[in-house]
Amino acid sequence: MGISARAARAPRSKGSSGIAASLFNVRYGTWRIPAMRHQRLFLFLFFTTASFCCGADLVVNLRRDAQACAAAWNRRDFKMVVSYLPERLYPNGRARVEAVKEIEDGLSSAGDPAFHVSIGTIKKARKYRKLYAAIVPISATLDWPGLRTTDDSYLLAVSSNEGQSWQFLPLYEETQRDIDKFFPEFEGKILIPQSPAPATQIVIPD
């Protein structure tokens, strides 16, 4: 204001070939083969469906919290906005109070423009160690008398509770080195997208 989990194969033990033979080899009885095929099909469908539903829930929860954060911006509820900042960077009440003041001072120094924040399409979230993360596109439109600026950027979305709730770090002032320092879990895995330059247009009143 946002990645596929890796599947690890267990090392094969010396006795695994005997186990495989007892399950699939014809000489142990052909009746075992269709039974195991059905079990394998069931397990495949189960884990595929479970993985899809889990991924869907992640994006649903992520979109919910991202939209709630954007709504807080639009109604100028800066305390609520700051509550969505990552706890790792803002660990206590004092840091969050200072963040609110920084937002208010920034808007005041910019001439207190009217603004609207919206969230773009969220594609997916991935797990890195104990954290889930995603890159979230965001667009902010700022209006002054006779002038409008549209600024497209990104948020880094982070969840430490399996995607149940999300926090957001604006990326427009952060470097790749900053992100790697803040979140070593993401180093070499999450690359910050380059934001386009803000677009400014003259608005002629009707």
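Note that the coordinates shown come from a computational prediction; the quantities given were computed from them, not determined experimentally.

Asks: Honestly, the pattern of salt bridges in this entry has me stumped. Any pointers?
Replies: Opposite charge on two side chains permits them to pair, given that their charged atoms come into close proximity. A full pass over the atoms with the stated rule returns eight salt bridges. Between R64 and D65 there is a salt bridge whose closest N-O contact spans 2.8 Å. Linking E162 and K127 is a salt bridge whose minimum nitrogen-to-oxygen distance equals 3.3 Å. Residue E162 is located in the loop between β4 (147-159) and β5 (167-170), and its partner K127 is located in strand β2 (residues 126-128); the two are separated by 35 residues in the primary sequence.

Asks: Would you explain the environment of R148 in this entry?
Replies: Within the secondary structure, R148 sits in strand β4. A relative accessible area of 32% means that R148 is categorised as partly exposed. Each C-alpha atom, one on R148 and one on V203, is 6.5 Å from the other, the two residues being 55 residues apart in sequence. The residues touching R148, leaving out its near neighbours within four places in the chain, are T141, L142, D143, A199, T200, Q201 and V203. Of note is the side chain of R148, whose polar atom sits 2.6 Å from the side chain of D143.

Asks: Would you explain the environment of E98 in this entry?
Replies: With respect to the secondary-structure elements, E98 resides in helix α4 (residues 93-109). Looking at E98, the relative accessible area reads 45%, which means it is partly exposed.

The rules behind these values
Residues numbered from 1 in each chain as written. Predicted model: local features only at pLDDT ≥ 70, side-chain atom pairs only at ≥ 80, totals over all residues. Heavy atoms only, no water. Salt bridge = Lys/Arg side-chain N within 4 Å of Asp/Glu carboxyl O. Helix = DSSP H or I, 4+ residues; strand = E, 2+ residues; numbered from the N terminus. Buried < 20%, exposed > 50% of the residue type's maximum accessible area, 1.4 Å probe, protein only. Contact = heavy atoms within 4.5 Å. Polar contact = N/O pair within 3.5 Å; in protein donor to acceptor, adjacent residues only side chain to side chain.

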